Amino acid sequence: MGSRTSPISQPIIIRRAVARDAKRLTRLVRGSGAYRNQYASAVAGYRVGPDYIEAHRAFVAVGADEPGGRALGFYSLVLAPPELDLLFVADEAQGRGIGRLLVAHMQSEARAAGLDRVMVVSHLPAEGFYHRVGAVRTGTALANPPAVPWDRPEFEFRIPSE
């Protein structure tokens, strides 16, 4: 992931994901440029199903001015144990601040749920992003072949109470 600095050019709405978003969110995961080449196997058969969306706090960022509200990114917060399970921004939407908006929204949701920290196991190319948005490196998640044949950095977001 390169360093991109262009600002958000349209209003963004973050809303709760619903079952009908499943295919769009799956496409975001499988189409992510961060999971090409040696990382492709990690998302090749990945599916964000309606059951997943209903079981977790999944939120999607959409362009307010776009017909149909194209999914620009999404995240999923698991409450027990507290974990940012998924966070993806569409390749063409990266560098516009959407990832930061999603992280800020996640932190607000975590705070409202009474959490004081949220962990995340990062994809290697996303490590710099998590540093930039305030996550603290806490360790390493060891490889889990064949699904994930490489070690991954673990981070934690500390959620201050208001």
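Fair warning: this is a prediction, and the values are worked out from it, not measured in the lab.

Caption draft 1: Examining the layout of surface pockets more closely. Looking at the second largest pocket, its volume works out to about 160 Å³. The wall of the second largest pocket is formed by Arg24, Arg27, Leu28, Gly31, Ser32, Arg70, Ala71, Ala90, Asp91 and Glu92. The element that contributes the greatest number of residues to the lining of the second largest pocket is helix α1 (residues 22–30), accounting for three residues. A breakdown of the residues in the lining of the second largest pocket according to their chemical character gives three nonpolar, two polar and five charged.

Caption draft 2: View of the pattern of salt bridges. Following the criterion strictly, the structure yields ten salt bridges and no others. The partner of aspartate 116 in a salt bridge is arginine 117, with the nearest N and O atoms 3.8 Å apart. Since its relative accessible area comes to 47%, aspartate 116 is described here as partly exposed. Note on arginine 117: relative accessible area 38%, which makes it partly exposed. Two residues, glutamate 156 and arginine 158, come together in a salt bridge whose shortest N-O distance is 3.2 Å.

Caption draft 3: Seen up close, the side chain of glutamate 156. Note on placement: glutamate 156 falls in strand β7 (residues 152–158). For glutamate 156, a relative accessible area of 14% gives the class buried. Polar side-chain contacts of glutamate 156 include one of 3.2 Å to the side chain of arginine 158. Residues within four places of glutamate 156 in sequence aside, it is in contact with Arg117, Val118, Met119, Ala135, Val136 and Thr138.

Here is what the cut-offs are and how they apply
- Residues numbered from 1 in each chain as written.
- Predicted model: local features only at pLDDT ≥ 70, side-chain atom pairs only at ≥ 80, totals over all residues.
- Heavy atoms only, no water.
- 1 Å grid on protein atoms, 1.4 Å probe; cavity = no way out; pocket = protein on both sides within 12 Å on 5 of 7 lines; lining within 4 Å.
- Points joined across faces, edges and corners; volume = space filled by probe spheres on them.
- Helix = DSSP H or I, 4+ residues; strand = E, 2+ residues; numbered from the N terminus.
- Nonpolar A, V, L, I, M, F, W, Y, C, P; charged D, E, K, R; others polar.
- Salt bridge = Lys/Arg side-chain N within 4 Å of Asp/Glu carboxyl O.
- Buried < 20%, exposed > 50% of the residue type's maximum accessible area, 1.4 Å probe, protein only.
- Polar contact = N/O pair within 3.5 Å; in protein donor to acceptor, adjacent residues only side chain to side chain.
- Contact = heavy atoms within 4.5 Å.

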